[in-house]
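A structural walkthrough
Residue strings, one per chain:
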Amino acid sequence: MKKQKLYILIAALIALQLYSLVKIYSLQSRLDYTNQTISSVENRLDSQISSIYQNVDEKLKSQASLIHKSWVKVGKLDVGKLTVPIKFTIEPKRITENMLVSLDFNGEIVQLDKSGLDYSATKDFKISESVFPKIIMQDNGVKTVEEHNGLMVTSIKEQVFPHISANFQGGTNYGSNQYHAKGILSIDYMPSHENNAFVDIKYVIKVDDEIIKETPVVLEKEDGFGGNSTLNIDDKYSMNEGQILTTTVVAVDSLGFTHEYLVAHIVGGSNMQREPNFEKMNIKAPNGEIVYQFDESNSKENS
């Protein structure tokens, strides 16, 4: 009888322990959910507060600015000079008879011509440049300097050249001096703002800069928004130690510029293979001059 009571007591304690663990787990889950909810609310409030501050800052800057609006117009690429004309236009909030307006391009001062309520000037730039001049306004001996986002051109290259990118999805392996890649290469392309589109694309494989295979890429009929083409890849190549195998997408645009986009870079006999930076590419003019090159070592654009 005593043993039976003991067993009942033990069973009750076990049941109570299990019940307690279930309740503790439930409370912990509720606490975690509450903490996540509080964290989500805090993040949302921080984002809203940041957005409010940003809007207030922008309104204050707009009110303090002497410029009503500003804008740029990127012209057509001069293939011979390899330069691009950009027209800068400013409309001040207040105009006087003696007001002079100019732009400061890193120390080079360009005077703007007045036409009605606007002041404007056109200047040539290299393809690889980015532009954000300072505005200088002089009126009756008073000189003010400010910046206006309407005059910013972050990348002239992206304005005049079509865009291309490539993504390989599949498997690669290297061993015993054999390189094998099997999968699908997806190539996306888009015309430039000036409707400069690609007219020819190839998938090129090189060993030590010598072409060993070229595969034409069938272009989709573009509707102004670009296209996508795919290639089935099943490549096997033998490589000696120290040899470098590269696979690139080589595209020629309607102006005759050649765009080389690096997809893979393999060094024979090395266990330290790497994926290149997705922006690793260069652009050559019809005369062979490199007008744009991405420097992977320091992530800067060079020309």
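So, a few notes on the structure that sits alongside this text.

Parameters at a glance
- Residues numbered from 1 in each chain as written.
- Predicted model: local features only at pLDDT ≥ 70, side-chain atom pairs only at ≥ 80, totals over all residues.
- Heavy atoms only, no water.
- Helix = DSSP H or I, 4+ residues; strand = E, 2+ residues; numbered from the N terminus.
- Contact = heavy atoms within 4.5 Å.
- Areas by Shrake-Rupley, 256 points an atom, 1.4 Å probe, with all protein chains shown as cover.
- Phe/Tyr/Trp six-rings, centres within 6.5 Å; stacked < 30°, edge-to-face > 60°.
- Buried < 20%, exposed > 50% of the residue type's maximum accessible area, 1.4 Å probe, protein only.
- Lys NZ or Arg CZ within 6 Å of the ring centre and 35° of its normal.
- Pairing = 2+ DSSP bridges.
- Polar contact = N/O pair within 3.5 Å; in protein donor to acceptor, adjacent residues only side chain to side chain.
- Salt bridge = Lys/Arg side-chain N within 4 Å of Asp/Glu carboxyl O.
- Core = buried A, V, L, I, M, F, W, Y, C linked by side-chain atoms within 4.5 Å.

A count of helical and extended segments in the protein chain gives two helices and 18 strands. Pairs at least 24 residues apart make up 58% of the contacts formed inside the protein chain by residues separated by at least 6 positions. Of the roughly 19600 Å² of accessible surface on the protein chain, a fraction of 52% belongs to carbon and sulfur atoms.

Turning next to the packing of aromatic side chains. Per the counting criterion, the structure on display carries four aromatic pairs. Measuring from centroid to centroid gives 5.9 Å for phenylalanine 88 and phenylalanine 125, while their planes differ by 70°, and the two rings are edge-to-face. Placement of the pair is phenylalanine 88 in strand E2 (residues 83-92) and phenylalanine 125 in strand E6 (residues 118-126), with a sequence separation of 37 residues. Judged by relative accessible area, phenylalanine 88 falls into the buried class, the value being 1%. Taking the relative accessible area as the measure of exposure, phenylalanine 125 reaches 5% and is therefore buried. An aromatic cluster of three or more residues is present, and its members are Phe88, Phe105 and Phe125. Between lysine 123 and the ring centre of phenylalanine 105, over which it is positioned, the NZ or CZ distance is 5.7 Å.

All right, on to the pairing of strand E14 (residues 244-253) then. For a regular strand, side chains alternate in direction, first toward one face of the sheet and then toward the other. Most of E14 is tucked away, with eight of its ten residues classed as buried. Here nine bridges tie E14 to strand E15 (residues 258-267), and the two strands are oriented antiparallel to one another. From the neighbouring strand, threonine 248 faces E15, where its bridge partner is leucine 262.

In this section: the environment of aspartate 235. Turning to its location among the elements, aspartate 235 is positioned in strand E13 (residues 227-238). With 54 residues separating them along the chain, aspartate 235 and alanine 181 place their C-alpha atoms 5.2 Å apart. Excluding its chain neighbours within four sequence positions, the residues that come into contact with aspartate 235 are Tyr179, His180, Ala181, Tyr203, Ile205 and Lys213. There is a polar contact of 3.3 Å between the side chain of aspartate 235 and the side chain of lysine 213.

This model, assessed by the stated rule, comprises five salt bridges. A salt bridge links lysine 213 to aspartate 235; its shortest N-O distance comes to 3.3 Å. You can see lysine 213 sitting in strand E12 (residues 210-216) and its partner aspartate 235 sitting in strand E13, a full 22 residues away along the chain. Assessed through its relative accessible area of 4%, aspartate 235 is described here as buried. Of the charged contacts, one joins glutamate 260 and lysine 284 as a salt bridge, the two residues approaching to 4.0 Å between their closest N and O atoms.

Turning next to the environment of serine 176. Within the fold, serine 176 resides in the loop between strand E9 (163-175) and strand E10 (178-190). Serine 176 sits in the exposed class, given a relative accessible area of 73%. Remark: the alpha-carbon pair of serine 176 and glycine 268, spanning 92 residues in sequence, is separated by 9.3 Å.

The subject of this paragraph is the nonpolar core. If you look at the biggest cluster of nonpolar residues, it comprises 57 residues, and the most contacted ones within it are Ile164, Leu185, Val249 and Phe257. Contacts of isoleucine 164, omitting those with residues within four sequence positions, involve Ile187, Asp188, Tyr189, Phe198, Ile201, Val249, Ala251, Tyr261 and Met281.

By themselves these figures say nothing about function.
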